[in-house]
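# Descriptive analysis of the structure
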Amino acid sequence: MASTNALLEERTARAKSWFEALRDRLAAAFEVLEDEAPPELYPGPAGRFELTPWTRKEGGGGVIGFLRGRFFEKCGLHVTEVHGTLSPELAATMPGEGADRRFVATGVSLIAHMRSPRVPAVHMNTRYLATTQGWFGGGADLTPLIAEQRDEYAPDAVLFHAALKGACDAHDPTWYAKFKAECDNYFFLPHRGEPRGVGGIFYDRHDSGDWERDFTFTRSVGEAVLEAWPKIARHRMTEPWTPAEREEQLVRRGRYVEFNLLYDRGTMFGLKTGGNIESILSSMPPLVKWP
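### Let's talk about the overall build of the chain
For the chain, the count of helices and strands is 8 helices and 9 strands. The globule rule puts the C-alpha radius of gyration for 291 residues at 19 Å, and the 19 Å found for the chain is close to it. Along the first, second and third principal axes, the C-alpha atoms of the chain reach 60 × 40 × 35 Å. Within the chain, buried positions represent 56% of all 291 residues.

### Some words on empty space enclosed by the protein
Summed over all chains, the structure comprises 1 cavity of 30 Å³ or more. If you add up the space inside the largest cavity, you get close to 40 Å³. Every residue along the wall of the largest cavity is listed here: A112, H113, M114, S116, V119, P120, A121, L145, Q249 and R253. A per-class count over the lining of the largest cavity returns 6 nonpolar, 3 polar and 1 charged.

### Brief notes about a nonpolar patch on the surface
Where nonpolar side chains cluster on the molecular surface, the patch consists of L261, L262, M268, L271, I277 and L281 and spans about 500 Å² of accessible area. Of all the secondary-structure elements, those providing two or more residues to the nonpolar patch are α6 (243-262) and α7 (265-272). Mapping L281 onto the fold places it in the segment after α8 (277-280).

### Things to note about the pairing of strand β3 (residues 72-85)
With 11 of 14 residues buried, β3 is to be regarded as a mostly interior element. As paired elements, strand β2 (residues 60-67) and β3 share 6 bridges and run antiparallel to each other. Bridging across to β3, G61 finds its partner in E81. Linking two consecutive strands that pair antiparallel, namely β2 and β3, is a turn of 4 residues. Strand direction decides the pairing type here: β3 and strand β4 (residues 102-114), joined by 13 bridges, are antiparallel. Counted as the bridge partner of F72 is M114 from β4.

### Quick word on helix α3 (residues 155-169)
Given a rise of 1.5 Å per residue, 15 residues ought to cover 21 Å, and the 21 Å separating the end C-alpha atoms of α3 matches this to within 8%. Taken together, the buried positions of α3 are occupied by D156, A157, F160, H161, A163, L164, A167 and C168. All buried residues of α3 fall inside an arc of 155° around its axis, so they share one side. Buried residues in α3 make contact with β5 (121-130), β6 (134-143), α4 (175-186), β9 (199-206) and α5 (211-236).

### Describing the packing of α3 against α5
For the pair α3 and α5, the least separation of the axes is 8 Å and the interaxial angle reads 160°. In this view, α3 runs roughly antiparallel relative to α5, as classed from their interaxial angle. Once α3 is placed against α5, the crossing between them reads as right-handed. Residues D156, L159, F160, A163, L164, A167 and C168 of α3 form the contact with α5, whose participating residues are F217, S220, V221, A224, A228, K231, I232, H235 and R236. Considered class by class, the residues forming the contact of α3 with α5 number 11 nonpolar, 2 polar and 3 charged.

### Points about the confidence of the model for the chain
Residue-level pLDDT values for the chain average 92, and 95% of them are 70 or greater. When pLDDT is averaged over each element of the chain, α3 comes out on top at 98 and helix α2 (residues 88-91) at the bottom at 70.

### Structural notes on α7
Three or more residues of α7 are buried, namely T267, F269 and G270. Along α7, the residues classed as buried sweep out an arc of 165° about the axis, all on the same side. Where α7 begins, the side chain of D264 points an oxygen toward the backbone nitrogen of T267, at a separation of 2.8 Å.

### Topic: the nonpolar core
Grouped together as the largest cluster of nonpolar side chains are 57 residues, with contacts concentrated most on F30, F71, F72, L110 and W229. No other element matches the 11 residues that α5 contributes to this core. Excluding residues that lie within four positions of it along the chain, W229 makes contacts with F30, L33, F71, F72, M114, V119, P120, V122 and L142. If you look at the next biggest cluster of nonpolar residues, it comprises 11 residues, including I64, V82, L86 and F103.

### Here's the deal with the pairing of β6
Within β6, 10 of the 10 residues are buried, which leaves it mostly tucked inside the rest of the structure. Side chains G134, F136, G138, A140 and L142 of β6 all project onto a buried face; the interleaved residues W135, G137, G139, D141 and T143 project onto the opposite face, where all are buried too. Strand direction decides the pairing type here: β5 and β6, joined by 10 bridges, are antiparallel. Looking at β6, one finds that H123 is bridged to D141.

Each value, and the rule that gives it
- Residues numbered from 1 in each chain as written.
- Predicted model: local features only at pLDDT ≥ 70, side-chain atom pairs only at ≥ 80, totals over all residues.
- Heavy atoms only, no water.
- Helix = DSSP H or I, 4+ residues; strand = E, 2+ residues; numbered from the N terminus.
- Rg over C-alpha atoms; globule rule 2.2 N^0.38 Å.
- Buried < 20%, exposed > 50% of the residue type's maximum accessible area, 1.4 Å probe, protein only.
- 1 Å grid on protein atoms, 1.4 Å probe; cavity = no way out; pocket = protein on both sides within 12 Å on 5 of 7 lines; lining within 4 Å.
- Points joined across faces, edges and corners; volume = space filled by probe spheres on them.
- Nonpolar A, V, L, I, M, F, W, Y, C, P; charged D, E, K, R; others polar.
- Patch = residues over 30% accessible without salt bridge, like charges linked within 9 Å, V, L, I, M, F, W, Y side chains within 5 Å.
- Areas by Shrake-Rupley, 256 points an atom, 1.4 Å probe, with all protein chains shown as cover.
- Salt bridge = Lys/Arg side-chain N within 4 Å of Asp/Glu carboxyl O.
- Pairing = 2+ DSSP bridges.
- Expected span 1.5 Å × (residues − 1).
- Arc of directions from axis to C-beta.
- Contact = heavy atoms within 4.5 Å.
- Axes fitted to C-alpha atoms, helices over the stretch in contact; angles between N-to-C directions.
- Parallel < 35°, antiparallel > 145°, perpendicular 65-115°, else oblique.
- Left-handed = near helix turned anticlockwise from the far one by under 90°.
- pLDDT = per-residue confidence, 0-100.
- Polar contact = N/O pair within 3.5 Å; in protein donor to acceptor, adjacent residues only side chain to side chain.
- Core = buried A, V, L, I, M, F, W, Y, C linked by side-chain atoms within 4.5 Å.

Following this line, the structure appears as structure tokens:
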């Protein structure tokens, strides 16, 4: 058991180090977008990420990051590493030995809401969790806010999915179709009978039996988002928008709120394990409307 714990600790440290490095690269790339946004559409000073450490009393903590600027109306970018003991109810839903309820979880999460309704919202989360066993989870998805872009064959969706397919195909040619289907199923609002956006990939409790392979794949997902989404943002950020499009954006953001409060597993896990509330609820848009 001691050697198993040492291996889990080493793997957790490696995963956390990667998540922190990805966070820093995403932050740098997004701040460049803040600088590049045309001032006639996005007046005011360019924003910068504000990073705030926090500590979880039960064990661990993290750093929450927020960018509130002229292009990014609100962007959350966080890294966490929490550990402790699961409740019996939560432990019963997790892989591992039921008698040993210790756990550790580390991950990076990104959610970006732009001022322009013509720039789709983007979400990414990759994580590593371990009880007496360890596994990866996460994914990325794209949420256009205006009708003309809410189609899986729209250019932004095609570019985004191509990047994620490349990340999957480099490791297993069957994974993209599987994880795309899981994303389509997961990011769906049953009470409205509609998807949240145009999807992406989603994987949970991913353990192929080869930890190094799974870790490399998880890194590839982060790299794919870092490559693809800034291209979409640069293409769309110069397009002017109408008041009607802004209104549509605010209404569609309501779907985001509904999903994250009613169905999101990460939100539920964070609340049940005593996570940082600002980080857990950072996906909430700064402005939203319901008709």
